[in-house]
Amino acid sequence: MKKSTRITIAVILGLSLVLLLFVVFGSKSQSASAQDAGNGPSDDGAGKARKAMASSAGPGTPDWLELPQGKGDMEGCHIVTHRAHMNGTLQRNYTLCYDQDLYAAHWVAYPLCSAHTSKGREETWGYDPQLSRVIQTNVRSGYGVSVPTANYPKNFYARGHQIPNADRSAVPEMQAQTYFSTNMTPQIQHGFNGGIWAKLEEAVRSAVPPEDTLYVVTGAIFSQGDELSAVRTIVNKNDSKTLPVPESYWKALLKVERGSDGVVEARTIGFLLPHEDLKGHSYSEFTVTVDDIEKLTGLDLFAGLPDPIETVSETASDWISFKKYLAE
């Protein structure tokens, strides 16, 4: 074989090897970049990436009755599910729809049964480990912002839970997760967070049927219209981030009866409270239908229910009747 021919073959082989290495390692690099961007596999839809709520709260969770569907004002939110060990098994704790532009969740959804609740409170304020700290606000201490109200001249904004810590007081690992920054919004302490809102949360816990489950969704509304520019804001003393203050809060409850073929009956009720000093008022004054909340938020709550049952069940707003149903 001529020397020139051997050289030509060697060059061709060398170029082929370089091309092969580029294809293999370049492909791996692109795959890793895609996962870093949040496009890789996630844990049952509890993705860390910024995702659009096109039609569902997350893939892989169709039987979780508490999960809302629909966009509402929540397109582009992070849908995060927290899990923890309970009775020796890893179980879902709660799912939230976090808006990094607001430093807050639009809604938090979770199941609630008597085994979740007890007594005691161990505060573990901190960041949500499933999301970057850059898009969260620091809640390790209070916001440091006063808000004088008619009944309380020395009032202030508290770190208000959407899923209450007391709703997980029997399971320390679950309770610790309720102290994540993503579960907090600025709430007026006296006359709301420590008053009417706390009493509503306690009433919900007290109404949970023995050996059964309530499905709960709690949400915050920051603006009644499309403009967020008029929303109240505060500056968190811990990190100087500007936080919007919700104009109102809502809570929706679902109880179902199951048969051999699935859900055969359901009852729901909603609450919608203006975020203000409500001393002297009762949460029972603020009952609404789930349909009312859906019209206000653009969400489809309890969308996992069979359509005929969902349609009938979401028109009730009588708290006394709902509690009687739970006690049956």
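Residues numbered from 1 in each chain as written. Predicted model: local features only at pLDDT ≥ 70, side-chain atom pairs only at ≥ 80, totals over all residues. Heavy atoms only, no water.

A. View of the confidence of the model for the protein. Mean pLDDT for the protein: 84, with 77% of residues reaching 70 or above. Note that pLDDT drops below 50 for residues 20–62; the model gives that stretch 55 contacts with residues more than four away or on any other chain. (pLDDT = per-residue confidence, 0-100. Contact = heavy atoms within 4.5 Å.)

B. Local environment of unusual backbone geometry. Although it is not a glycine, Asn 87 adopts a positive phi angle of roughly 55 degrees. In this structure, Asn 87 sits in the loop between strand S1 (78–86) and strand S2 (89–99). Exposure remark for Asn 87: the relative accessible area of 69% places this residue in the exposed category. Positive phi, close to 65 degrees, is recorded for Ser 240, a residue that is not glycine. (Helix = DSSP H or I, 4+ residues; strand = E, 2+ residues; numbered from the N terminus. Buried < 20%, exposed > 50% of the residue type's maximum accessible area, 1.4 Å probe, protein only.)

C. Inspection of the pairing of strand S6 (residues 213–221) at higher detail. Extensive coverage of S6 is indicated by the burial of eight of its nine residues. Sheet analysis places strand S3 (residues 104–113) next to S6, joined by seven bridges and oriented antiparallel. Its bridge partner lying in S6, Tyr 110 is registered against Val 216. As judged from the seven bridges shared by S6 and strand S9 (residues 248–259), these two strands associate in the antiparallel manner. Paired with Gly 219 across the bridge in S9 is Trp 250. (Pairing = 2+ DSSP bridges.)

D. Layout of the pattern of salt bridges. According to the stated counting rule, one finds seven salt bridges in the structure shown. In this structure, Glu 123 and Arg 121 form a salt bridge, with 2.9 Å as the shortest nitrogen-oxygen distance. The closest approach of N and O atoms between Asp 212 and Lys 255, which form a salt bridge, is 3.0 Å. Placement of Asp 212 in the loop between helix H4 (196–207) and S6 and of Lys 255 in strand S9 is noted, with a sequence separation of 43 residues between them. Taking relative accessible area as the criterion, Asp 212 reaches 27% and is therefore assigned partly exposed. Classification of Lys 255 by relative accessible area gives buried; the value is 2%. Among the charged side chains, a network of salt bridges with common partners joins Asp 167, Glu 202 and Arg 205. (Salt bridge = Lys/Arg side-chain N within 4 Å of Asp/Glu carboxyl O.)

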